[in-house]
Amino acid sequence: MKTLKIEELSKNFGTTEVLKKINLEIDEGNFLVLLGPSGCGKSTLLNIIAGLETINEGNVYIDDYNVSKVEPKDRNIAMVFQSYALYPSMNVKENMVFGLKQAKISKEKIEEQLTKVSSFLQVDELLNRKPSQLSGGQRQRVAIGRALVREPRIFLFDEPLSNLDAKLRVEMRREIKKLHQKLKTTVVYVTHDQTEAMSLGTKIAIMNHGVIQQNDSPENIYNKPSNTFVADFIGSPSMNLIKGKLKQSSDKIFFTAEGTNFDIPINNYDFNNTSQLDNKEVCFGIRPEHIHFKKSNEDDFEVNLRADLSEYIGHEQIMTFNYANQDLLAKFPSTIKIELNKETKLYFDLTQVSLFDANSEDRI
Amino acid sequence: MQAKTVNSNYKKLEQKSKYTNMFLRWFLYFVLILFASYFIFPLYVMIVTSLKTMEEIRQGTLLTWPSSLNFDSWLVAWGGRGYGAGDTFLRPYFWNSIKMVVPAVFFSTFIGAMTGYVLTKWRFKGDSWVFLFLLFGCFIPFQAILLPMARTLGALGISNSIIGLVVVHTVYGIPFTTLFFRNYYVSIPTELVKAARIDGAGFFKIFFKILLPISAPIIVVTVIWQFTQIWNDFLFGSTFSFGEAAPIQVALNNMVLSSTSVKEYNVDMASAIIAGIPTLIVYVLAGKYFIRGLTSGAVKG
């Protein structure tokens, strides 16, 4: 039984297609993050799961029950919003029990739930305050509390941390993670922040233009991006994508960028499909953190490149090198001194590279 | 040496700018006082005249202070002289106006709030067109609809009645009240409504429990606006009502214009002030609350 299943879901506003044939499944207790740039349809998808938006095509199942036409309140879900959406005229207690009162639950049960949740979230001191008297973090906590008292099957979070300042955001991120570890409730979490996505999610679905680009574990998203969009979207700075061609001779495969006179051997690369590799136009992807200043692996590929630019950011520095007139970014500890405008010896960690078809932009 | 001359130069400039500033300030006060007196002058004449006897009015000038505080003309304006036919006084019409203005303000404000709520939080296809057509209502000159409205009231059987006037004022208030409430609700995050829907609240519950309790500032604005409009209206009142059913502004007009013998300026002035007092009261009471409502708002984080 899947806690949440989305089947061939399409949604359009007028003539704009927002979601195109989305398929998605979540197992019990998973933390799924919907990640993507603004306008990719992730919030619409969440609203559809909540029942706040109608569906044009396809179905949504919760616990194998088709809820496509079920009212939000009957879906056994709870949602936390970006603006917290606490009812301004009610105090914290009234905010938290509003849903239970609507559901006509007995007073004793409501009281019990309230005490349990408010002490769990440490908001029991605030019960008589109005939302306008709370700090950002407290409001966030109350909003989560309002969701918790309903004891839902699925938690929906719509960019819950983006209204907080940077420091508080990191704290609240940890709290949400702890909360999930304790409660083990299924979560669907929307964000455009990749750090949030990577640190919170057990599964990440990366979306762009209403299509899921990759739905995988954070490790696979980072190490084996399924196309150039994912490769480019995840990581800061993002993955270097160098244009070039593959060369195949007997049992050896090389990558050559245009205008270079050296070949990078990629024999150990795990191809999805090994046919017709010779002369294929590809993008060679390597993350800035996988370019080293010292040889660390026997198979590291050695290359001499000219350093053009240095960006110092405290614990590390980002260097820009000229690789056949394409920018190549590398990340080093800031203790390393590299002279600008001079050839520097670098080592590519070839176990960490990705290759993409230059035309379809898919991983090969 | 050099530094010294520069220094004295600064002093001169400082002096100069001080004088200029002083002159400008006095000029500003002069202009403000001038305009203030220009506006207060008619009110002064009204109050002073209403407190004089006819004898005094004939002998003195407009500005002369009354010899004693004489409220007789106020009593006459409010309650009449006590003799039978032809004695027009404001009391019954004042209550007519109250009976008209209270329900009309209530219904137009309530309907405007509802419409604004639907237009912002329950968007539907073509809602912006509905709003646009409603806005037309704000721009149609009232003279243009007098005849069709008279026919409509006749057909409904409520012409020349307070109820008829309540209907007219409610209908013509809706475009304005809708505009006010729509613009206010647009700024309130729709996530509030979404959260309430997930919590299981329906259309009316969301309106009454969540939106209305935070609408105080805009309700006050709307009430001030509607009250002033309806209370001060003469056109609809004089067209759709006469005799017993007339509102106060129509009665005031009848009183002042239908002079039987001598023009009683003191009574006329007292009547005019009485007819204007309720709007003043609404401004003073609600205006205070309006500012409180604005500052205590804090809807968003």
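Residues numbered from 1 in each chain as written. Chains lettered and ligands numbered in written order. Predicted model: local features only at pLDDT ≥ 70, side-chain atom pairs only at ≥ 80, totals over all residues.

Participant: Would you explain the overall build of chain B in this entry?
Facilitator: Per the secondary structure count, chain B includes 13 helices and zero strands. Helices and strands in chain B line up, N terminus first, as α-α-α-α-α-α-α-α-α-α-α-α-α. For chain B, the C-alpha radius of gyration of 27 Å lies well beyond 19 Å, the compact-globule estimate for 301 residues. Expressed along its principal axes, the backbone C-alpha trace of chain B runs to roughly 95 × 75 × 30 Å. Counting the 301 residues in chain B, one finds 31% classified as buried. Summarising the internal contacts of chain B: among those between residues at least 6 apart in sequence, 76% fall at separations of at least 24. (Helix = DSSP H or I, 4+ residues; strand = E, 2+ residues; numbered from the N terminus. Rg over C-alpha atoms; globule rule 2.2 N^0.38 Å. Buried ≥ 20, exposed ≤ 12 C-beta atoms within 10 Å, placed from the backbone. Contact = placed C-beta atoms within 7 Å.)

Participant: Looking at this model, I keep getting lost on the domain arrangement of chain B. Mind explaining?
Facilitator: A common measure of how large an interface is: the accessible area buried when the components associate. All names here are of chain B. Taken domain by domain, chain B consists of domain 1 (2–79) and domain 2 (91–296). The gap between the C-alpha centroids of domain 1 and domain 2 is 35 Å. Each partner contributes to the interface: domain 1 provides 14 residues, whereas domain 2 provides 11 residues. Elements with a contribution of two residues or more to the side of domain 1 that touches domain 2: α1 (2–50), α2 (54–59) and α3 (72–79). The biggest single contributor to the side of domain 1 that touches domain 2 is α3, with six residues. Residues of the side of domain 1 that touches domain 2, tallied by class, amount to eight nonpolar, five polar and one charged. (Domains from an automatic or database assignment. Nonpolar A, V, L, I, M, F, W, Y, C, P; charged D, E, K, R; others polar.)

Participant: Would you mind showing me how to read the nonpolar core here?
Facilitator: Soluble globular proteins tend to pack their nonpolar side chains together in the buried interior. The biggest cluster of nonpolar side chains holds 110 residues, and the ones touching the most others in it are L34(A), M79(A), L156(A) and V188(A). Those residues in contact with V188(A), other than ones at most four positions away along the chain, are L4(A), L32(A), L34(A), L46(A), I49(A), I154(A) and L156(A). Grouped together as the second largest cluster of nonpolar side chains are 32 residues, L153(B), F236(B), M255(B) and V267(B) included. (Core = buried A, V, L, I, M, F, W, Y, C linked by C-beta atoms within 7 Å.)

Participant: Even after reading the chapter, I still don't get the packing of helix α4 (residues 91–121) of chain B against helix α7 (residues 162–186) of chain B, so can you show me in this structure?
Facilitator: Orientation of α4(B) relative to α7(B), taken along the N-to-C sense of each, is 35°, at an axis distance of 6 Å. For α4(B) against α7(B), the interelement crossing comes out right-handed. (Axes fitted to C-alpha atoms, helices over the stretch in contact; angles between N-to-C directions. Left-handed = near helix turned anticlockwise from the far one by under 90°.)

Participant: I would appreciate a short explanation of helix α4 (residues 136–148) of chain A in the present structure.
Facilitator: Because each turn of an α-helix spans 3.6 residues, side chains separated by three or four positions end up pointing in the same direction. All names here are of chain A. Spanning 13 residues, α4 covers 18 Å between terminal C-alpha atoms, matching the ideal 18 Å at 1.5 Å per step. In terms of burial, α4 is a largely internal element, 10 of the 13 residues being buried. Within the sequence span of α4, burial applies to R139, Q140, R141, V142, A143, I144, G145, R146, A147 and L148. Along its buried surface, α4 packs onto β6 (77–80), α2 (92–102), α3 (107–120), β7 (154–158) and α5 (166–183). (Expected span 1.5 Å × (residues − 1).)

Participant: Quick question: what am I supposed to make of the pairing of strand β1 (residues 4–13) of chain A here?
Facilitator: Taken residue by residue, a regular strand's side chains alternate between the two faces of the sheet. All names here are of chain A. Sheet analysis places β1 next to strand β4 (residues 57–62), joined by five bridges and oriented antiparallel. What sits directly across from S10, in β4, is E57. In this structure, β1 lies alongside strand β2 (residues 16–26), joined through seven bridges in antiparallel fashion. Within β2, the residue paired with N12 across the bridge is E17. Hairpin remark: β1 followed by β2, antiparallel, with two residues in the connecting loop; positive phi at G14, about 65°. (Pairing = 2+ DSSP bridges.)

Participant: Help me understand the interface of chain B and chain A in this model?
Facilitator: Contacts between the two partners involve 17 residues from chain B and, on the opposite side, 22 residues from chain A. The dominant element in the side of chain B that touches chain A, judged by the number of residues it contributes, is helix α8 (residues 191–198) of chain B, at six residues. Among the residues making up the side of chain B that touches chain A, the classes are represented as 10 nonpolar, two polar and five charged.

Participant: Just to check I follow, could you spell out the sheet that holds β7(A) for this structure?
Facilitator: Pairing between the strands of a sheet is mediated by backbone hydrogen bonds and can be parallel or antiparallel. All names here are of chain A. Here we have six strands laid out as an open sheet, ordered β6-β7-β8-β3-β9-β10, and mixed in their pairing. Two strands close off the open sheet at either side, each with one partner strand: β6 and β10 (211–216). Adjacent strand axes in the sheet meet at a mean angle of 15°, parallel and antiparallel pairs treated alike. One ladder, built from four bridges, connects β6 with β7; its direction is parallel. Considered in β7, the bridge of V80 is made with F157.

Participant: How should I be thinking about the sheet that holds β2(A) in this particular structure?
Facilitator: Residues and elements named next belong to chain A. Taken in spatial order, the four strands of this open sheet run β2-β1-β4-β5, and their pairing is antiparallel. Taken across any chain shown, the strands that pair with only one partner, and hence form the sheet edges, are β2 and β5 (65–66). Bridge count between β4 and β5: two bridges; the pairing is antiparallel. Within β5, the position partnered with I62 by the bridge is Y65.

Participant: Whenever I open this one, α3(A) confuses me. Can you help?
Facilitator: Residue and element names in this part refer to chain A. Here α3 contains 14 residues, and its C-alpha end-to-end distance of 20 Å stays within 8% of the 20 Å for a straight helix at 1.5 Å per residue. Within the sequence span of α3, burial applies to L114, V117 and S118. Along the axis of α3, the buried positions cluster into a sector of 95°, meaning they face one direction only. Of the exposed residues in α3, those oriented more than 90 degrees away from the buried face are E108, K109, T115 and S119. In this structure, the buried residues of α3 make contact with α2 and α4. Two residues or fewer past α3, Q122 is found with a positive phi of approximately 55°. (Arc of directions from axis to C-beta.)

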